[in-house]
Amino acid sequence: MIQVDNTFDGREVTLQAGETLEVSLSENASTGHQWSIPPELKRKLAPALREREETVEAPGGPPGRPGVRHLYFEAVAAGTAELEIHYRRSWESNKQPTRKFRLHVLVQSAPGR
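Everything numeric in this text was worked out from a predicted model, so none of it was measured.

Rules and cut-offs
- Residues numbered from 1 in each chain as written.
- Predicted model: local features only at pLDDT ≥ 70, side-chain atom pairs only at ≥ 80, totals over all residues.
- Heavy atoms only, no water.
- Helix = DSSP H or I, 4+ residues; strand = E, 2+ residues; numbered from the N terminus.
- Buried < 20%, exposed > 50% of the residue type's maximum accessible area, 1.4 Å probe, protein only.
- Areas by Shrake-Rupley, 256 points an atom, 1.4 Å probe, with all protein chains shown as cover.
- Lys, Arg positive; Asp, Glu negative; His and termini not counted.
- Charge placed at Lys NZ, Arg CZ, Asp CG, Glu CD.
- Core = buried A, V, L, I, M, F, W, Y, C linked by side-chain atoms within 4.5 Å.
- Contact = heavy atoms within 4.5 Å.

**Student:** Got a sec to walk through the overall build of the protein chain? Specific residues and values, please.
**Tutor:** Secondary structure assignment for the protein chain yields 1 helix and 8 strands. The helix and strand sequence of the protein chain, counted from the amino end, reads β-β-β-β-α-β-β-β-β. Dimensions of the protein chain, computed from C-alpha atoms along their principal axes, come out at roughly 50 × 30 × 20 Å. Per-residue burial over the protein chain gives 38% buried out of 113 residues. Surface exposure of the protein chain reaches about 6600 Å², of which carbon and sulfur atoms provide 48%. The positive charge centre, built from 15 side chains, and the negative charge centre, built from 15, are 5 Å apart in the protein chain.

This is how it looks when you write it as structure tokens:
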């Protein structure tokens, strides 16, 4: 598994087909903001990447502290994908996101295939 966080914004990662990419991004759900991939950008991930699941690590301590959203992707075929994840409130989909996370993903064929 390849793990990245917000410090990888704008960078490139290389995966082997069959590997998993975990993207962990801090978010403060108490403000209504959360990380998500707009539907029109999800289509741009294929055929190299497939979105698998996401989980949220709840913050400890007093209310209002940020948590972490973990998004998981499977490298399914050799190729490239431009992963772009937006930080916004779900009811403000017509507004520009507060932040964007971008990652260029290069998927190579698994050795021996």
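Still to come is the rest of the account.
**Student:** Explain the nonpolar core to me, using residue names and the numbers behind them.
**Tutor:** Ranked by internal contacts, the top residues of the largest apolar core, which has 26 residues, are Leu21 and Leu83. The set of elements that each furnish at least two residues to this core consists of β2 (11–16), β3 (20–27), β6 (67–75), β7 (79–89) and β8 (99–108). Residues in contact with leucine 21, not counting those within four places in the same chain, are Ile2, Val4, Val13, Leu15, Leu71, Tyr72, Phe73, Leu83, Leu103 and Val105.

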